[in-house]
Amino acid sequence: MATILEFGPFRLDADAGILFHGAEPTPLGQRAVLLLALLVRRAATPVSKEALIEAAWPAQAIEDSNLTVQIAAVRRMLADLSGEAHWIETLPRRGYRYVGPTVTMSDPDRAASEPPLLTLPDRPSIAVLPFANLSGAAAQDYFADGMVDDIITGLSRINWLFVIARNSTFKYGGHAVDVKQVGRELGVRYVLEGSVRKTGTTVRITGQLIDASTGMHVWAERYDRRSEDIFALQDDIAMSVVGAIAPSLRRAEINRVKRKRPDSLDAYDLVLRAQPEVDSGMPEQVTQALVLLERSIALEPAYALAHGNAAMCHHCLFLRAGLQEVNRSASIRHARSAITHGQDDALALTLAGFSIGMDEHDRSAAFTSLDAALAISPSSALTYILGSVILGWGGDAERAIEWSERGMRLSPFDSWAFAAFDAQALGHFHRGQYEEACRAAYRSVQANPRHSITYVQLAAALAKLGRLQEARAAALRVLELHPAFRYGRQFSGVNCDPALASSLGDALRIAGLPE
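A brief look at the structure comes next. (Residues numbered from 1 in each chain as written. Predicted model: local features only at pLDDT ≥ 70, side-chain atom pairs only at ≥ 80, totals over all residues. Heavy atoms only, no water.)

1. Concerning helix α6 (residues 179-186)
Part 1 of the argument: Along α6, the positions that sit buried rather than exposed are V179, V182, G183, E185 and L186. End-on, the buried residues of α6 take up no more than an arc of 170°, which puts them together on one face.
Part 2 of the argument: Considering only its buried residues, α6 is in contact with β9 (125-128), α5 (166-169), β12 (190-199), β13 (202-211) and α16 (397-410).
Part 3 of the argument: For α6, the N-terminal capping position is held by D178, with its side-chain oxygen 3.0 Å away from the main-chain nitrogen of K180.
Part 4 of the argument: After α6 finishes, the residue G187 shows a positive phi value of roughly 70°. (Buried < 20%, exposed > 50% of the residue type's maximum accessible area, 1.4 Å probe, protein only. Helix = DSSP H or I, 4+ residues; strand = E, 2+ residues; numbered from the N terminus. Arc of directions from axis to C-beta. Contact = heavy atoms within 4.5 Å. Polar contact = N/O pair within 3.5 Å; in protein donor to acceptor, adjacent residues only side chain to side chain.)

2. Here's the deal with the pattern of salt bridges
Part 1 of the argument: Tallied over the full model, the rule gives 10 salt bridges.
Part 2 of the argument: We note a salt bridge from D64 to K49, for which the minimum N-O separation is 4.0 Å. Pair noted here: D64 is in helix α3 (residues 64-82) and K49 is in helix α2 (residues 49-56), with a separation of 15 residues, a long-range link.
Part 3 of the argument: Accessibility expressed as a relative area gives 26% for K49, which makes it partly exposed.
Part 4 of the argument: Here R97 ties to E89 by a salt bridge, and the two come within 2.9 Å at their closest N and O atoms. (Salt bridge = Lys/Arg side-chain N within 4 Å of Asp/Glu carboxyl O.)

3. Overview of unusual backbone geometry
Part 1 of the argument: Even without a glycine there, the phi angle at A44 is positive, about 70°.
Part 2 of the argument: Within the secondary structure, A44 sits in the loop between α1 (30-41) and β5 (47-48).
Part 3 of the argument: If you check the backbone angles, L323 has positive phi at about 55° while not being a glycine.
Part 4 of the argument: Counting through the fold element by element, L323 comes out in the loop between α11 (304-320) and α12 (325-341).
Part 5 of the argument: Overall, the relative accessible area of 19% leaves L323 in the buried class.

4. A few points about the packing of aromatic side chains
Part 1 of the argument: Summed over all chains, the structure comprises 10 aromatic pairs.
Part 2 of the argument: Between F10 and W87 the ring centres are 6.0 Å apart and the planes differ by 90°, which places this aromatic pair in the edge-to-face class. Within this pair, whereas F10 is found in strand β2 (residues 10-13), its partner W87 is found in the loop between α3 and β6 (88-91), the two being separated by 77 residues in sequence. Accessibility assignment for this pair places F10 and W87 in one class, buried.
Part 3 of the argument: Look at W416 and F418: their rings are 5.6 Å apart centre to centre, the planes differ by 20°, and that puts the pair in the stacked class.
Part 4 of the argument: Its relative accessible area of 9% is what places W416 among the buried residues.
Part 5 of the argument: Here the aromatic residues F7, F10, W87 and Y98 are joined through ring pairs into a cluster of three or more.
Part 6 of the argument: Residue placement shows K171 over the ring face of Y172; its charged tip is 4.7 Å from the ring centre.
Part 7 of the argument: The aromatic ring of F367 is capped on one face by R399, whose charged end is 5.4 Å from the ring centroid. (Phe/Tyr/Trp six-rings, centres within 6.5 Å; stacked < 30°, edge-to-face > 60°. Lys NZ or Arg CZ within 6 Å of the ring centre and 35° of its normal.)

5. With respect to the sheet that holds strand β7 (residues 95-98)
Part 1 of the argument: With antiparallel pairing, the three strands of this open sheet are ordered in space as β5-β7-β6. The open sheet has two free edges, formed respectively by β5 and β6, since each of these has just one partner strand.
Part 2 of the argument: With two bridges connecting them, β5 and β7 associate as antiparallel partners. Looking at β7, one finds that V47 is bridged to Y96.
Part 3 of the argument: Seen against the sheet, α1 touches β5, β6 and β7 and runs at an angle of roughly 65° to β7. (Pairing = 2+ DSSP bridges. Axes fitted to C-alpha atoms, helices over the stretch in contact; angles between N-to-C directions.)

As structure tokens, this is what we get:
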């Protein structure tokens, strides 16, 4: 479903929100990319300030100066990389117009003029969209997002229900959507949407379940609760949705939605606030997340999800901040605590299993934890994605590709997509399928251009294909993102399969990376 706009030496991936100069992603910000995308789509046609503001700041009241700043950033980027400073023309009191090279549009993911529809699974399927925050304060967005996250997690515990992961559905937040289109894009029959209004200690939540194939409402409800009852409220919503989809199911199946919660809402809040920084996979951000997670654990020492996220933070610091033993040990310690206290928490078991496999190098124990997570939550995309990474470095190419593809089917727009594509690149490389490895690595770069390991896979695949100039460019990008990178130490850190390490090492040596 990617739309690619090409003009001059640039490619703009409108869906991913990335501007490429040749094959290299640029650091142009998301709002600036949205503005540029609208201008080049309407090449040679005036675009009003109002239309541009709506594209980059939907349903928000902002000053024109914000638009001016972002347009200046676009012009500066185009001028710095192409030497042309006049591709964006100012139309006084009207807006702007793109007057640069001819624009062509392509969609590499489409085999025909119409997008292939995802077939509906052979069981009930649902996507839970972001709930609108009606509290009037952006600071409460995390509360609304956390509410939706817990509903998704609860529904995912029902093994007969196909649930799209949160990282794909959250892309629909902040603007009105056509639920029929959402159903077609995600391959689901039902869509749940709603709103949250939090005032003081009172919370009002409305939800409505819609049959995406017909647009008809299946269920609607409003809940008024005091905030101390928030966990019971989440269970109420999840159980009501389940009952609307299959009213004949046994109550015992519905009861499986319920899971143990931390006793302290404060501890829960801290984990919610830390989650985006954990998911970034960047050393600076996970360091900030650890401050919040350590406060959460101090309040609730047996909070499995806090330990699981802390394990992921230390894993990131171990691999990307010097391979320090203190981080490896902390990753394993928190992972074991997550397993001990999270026997009913699929996400905690997933994060713990990943750290045990990658940092303790005990892949058998890792998959015991991941299999337990899937027994609880069969629709857990992240379990398949992180499991595919363990399989990829372990040299199990076929299962790495299988698990990564299954994870992407469950969550087509996942923020961890780069990890799934990394696993695919490893799998294809190990099988000698270097063209496929290269394609997967490019998709990973597109999904997360700041992840250095992705460029390692790309450099190796390009070297094997004899594309040495491109391989060396990718190798330079590795060292820009991770100056201390040494592939021998990296392979040891992840316990890379010996045959895979030998083949990768030969290719990376040719590409110019230090051992």
